[in-house]
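Summary of structural features
Next come the chains, spelled out residue by residue.
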Amino acid sequence: MPTESSPEYDETLGDKFVFVTGGVMSGLGKGITAASLGRLLENAGFDVTAVKIDPYLNVDAGTMNPFQHGEVYVLDDGAEVDLDLGNYERFLDVEMTAANNITTGKVYQDVIEKERSGEYLGKTVQIIPHITDNIKKRIREVAEGHDVCIIEVGGTVGDIEGMPFLEALRQFQTEEASDDFLLTHVTLLPYSEAGEQKTKPTQHSVKEVRSIGLQPDIIVGRCEDQLEEKPREKIALFCDVPTDAVISNPDVDEIYEVPEVLEAEGFGEYVMEQLGIADDAYPEDDRDYRWRDRVTAERTDSVEIALVGKYGMDDAYMSVYEALRHAGMELNTSVETRWVHAEDITDSVQSLTGVDGIIVPGGFGERGVGGKIRAAQYARENDVPYLGLCLGFQVAVIEYAQNVLGLTAAHSTEFDEDTPHPVIDIMPEQYDVENLGGTMRLGAYTAAIESDSLADTLYTGDTCEGRHRHRFEVNPDYIDRLEAGQLTFSGEMNNRMELVEYAKHPFFFGTQFHPEYNSRPLSPSPAFVGLVTATLDRSAYATTTGWEGKPAADAR
Ligand code: GLN
């Protein structure tokens, strides 16, 4: 029964909960499975939210290195969270907040602060009930007001860091009515040498779940191929679930296909029945099929876009890759990305030869900046569509100052503290910042768009909004000089430059914010759609930008 031993517990919150745990090994695509279930429930008319639990001790992902951990994902409220939250936003098409990501660090920090301020009235503060109550309270608060809350427990069952979360989950199982609580366990079915799908790791992993006092209601089997009948029955028998509750989740080419694959397995229907909400779902004919239509639409064109970065790992730029895919879906175009290491670009831009467009994404630190500046120059001079994201925006401004205004030593003070022309400079509010976690200019801010600009053609309305994560910005002292020629800051707010564009070019655009964080399959980012459109038809933007056009062959 509920523990009311701490001031945290409020049993009136929350409604239907689907927990997702993982076994056998990490990296199984548990997050995609959970997010895909969310999409199926949304398609059936339910309002779904999600919680990602990261059992690590970091309070948030803000200080984590992209080399090791992939990109730091930023939410509207400025929270720096695990990149998996990006999948939930993209699949559910919702905006999340810091509360949707729970880490061990966050929970302990909160409980210890409460202990210090005397809130526990002299009691001994313990993992059970104080930490577990704090975890349950956080989950219930997120769930409040939504039909279903999906909670993914990061890591693998049995990991020492995950224990308090699984104990909280066990308590949930006893506190909630059986049709308000479901546990889905995602495991791996490897092939034996003889080509058989083996269930033993799954059996062991379910045994581990049971030893904590939990019983999975659904088993999702990740396997290279579709689960065969025999292993499916074996899992049902050994793990005590009906065969309908064993869901096959084979490898697919593209993550956005997973909801369809799981739908075909009856995953959504089974969950709705178990939660007692099947009668409230839209009839199958009336479901929202926009997702499926987008994913299955034929790609009639294909383009190649260079991503000029330095963190040589796909996950470090996950949202950028995804945003390109979304733009591709919008335009029925398959977008290939060519990974280009910024340090490989010197005076020679050979690694960029033949690309249809260039993206310089966000980044920190000096390494590779020279190559990024060179890439922006190459794009500007050769009419290659260019999109600069945060650092890529700053780089475009530096390049223009150096090569067009002739301020050859112009730079950002991030990379050259003593530059005589600090066109990009630290923001005043960052002068005294010493602590690196969560201290940048973070989260969503609005910019006013200049009329008759490229930005004006991309965004509907006279403002645009995007999520920020930076310390440096355009130095206001240089704005007049920078804007005297072909360069325009077409979006700004309170004298902060948010958008940059270069006239007489098919598409040269930069954003101080990160539009990739707001891009979704069902609502792609206008900046990315603009880039891909420009790569498809370089003359499409000529009317707006005054670009007269060059034969494509010259431009490359
Ligand atoms: N390093 C730059 C800054 O802090 C850009 C940051 C980014 O690209 N996210 O302003």
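Residues numbered from 1 in each chain as written. Predicted model: local features only at pLDDT ≥ 70, side-chain atom pairs only at ≥ 80, totals over all residues. Heavy atoms only, no water.

One open sheet accounts for 7 strands, arranged 5-2-6-1-7-8-9; its pairing is parallel. Where the open sheet ends on each side, the last strands, each with one partner, are strand 5 (101–103) and strand 9 (246–250). Ignoring strand direction, the axes of neighbouring strands in this sheet form an average angle of 20°. Judged from the 5 bridges that link them, strand 7 (residues 181–188) and strand 8 (residues 218–223) form a sheet pairing that is parallel. Counted as the bridge partner of Thr-187 is Gly-221 from strand 8. Along the sheet, helix 3 (residues 84–92) contacts strand 2 (48–54), strand 5 and strand 6 (148–153); its crossing angle with strand 2, the most-contacted strand, is approximately 170°. The strands that helix 4 (residues 104–116) touches are strand 2 and strand 5; relative to strand 5, the one it contacts most, it runs at about 70°. (Pairing = 2+ DSSP bridges. Helix = DSSP H or I, 4+ residues; strand = E, 2+ residues; numbered from the N terminus. Axes fitted to C-alpha atoms, helices over the stretch in contact; angles between N-to-C directions. Contact = heavy atoms within 4.5 Å.)

At a minimum axis separation of 9 Å, helix 1 (residues 30–43) and helix 10 (residues 267–274) run at an interaxial angle of 75°. As summarised for this structure, helix 1 and helix 10 are arranged roughly perpendicular, according to the angle between their axes. Between helix 1, through Thr-33, Leu-37, Leu-40 and Leu-41, and helix 10, the contact on the second element is made entirely by Phe-267, Gly-268, Val-271 and Met-272. Its residues placed into classes, the contact of helix 1 with helix 10 shows 6 nonpolar, 2 polar and no charged. (Parallel < 35°, antiparallel > 145°, perpendicular 65-115°, else oblique. Nonpolar A, V, L, I, M, F, W, Y, C, P; charged D, E, K, R; others polar.)

Taken together, the residues surrounding the ligand are Gly-362, Gly-363, Phe-364, Cys-390, Leu-391, Gln-394, Glu-414, Arg-469, His-470, Arg-471, Phe-472 and His-514. Gln-394 places a polar side-chain atom, nitrogen or oxygen, 3.0 Å from an oxygen atom of the ligand. Between an oxygen atom of the ligand and a main-chain N or O atom of Arg-471, the distance comes to 2.9 Å. With the chains in place, 99% of the 300 Å² that the ligand exposes on its own is no longer accessible. Breaking the shell around the ligand down by element, the ones donating at least two residues are helix 14 (391–403) and strand 17 (463–470). (Near = heavy atom within 4 Å. Polar contact = N/O pair within 3.5 Å; in protein donor to acceptor, adjacent residues only side chain to side chain. Areas by Shrake-Rupley, 256 points an atom, 1.4 Å probe, with all protein chains shown as cover.)

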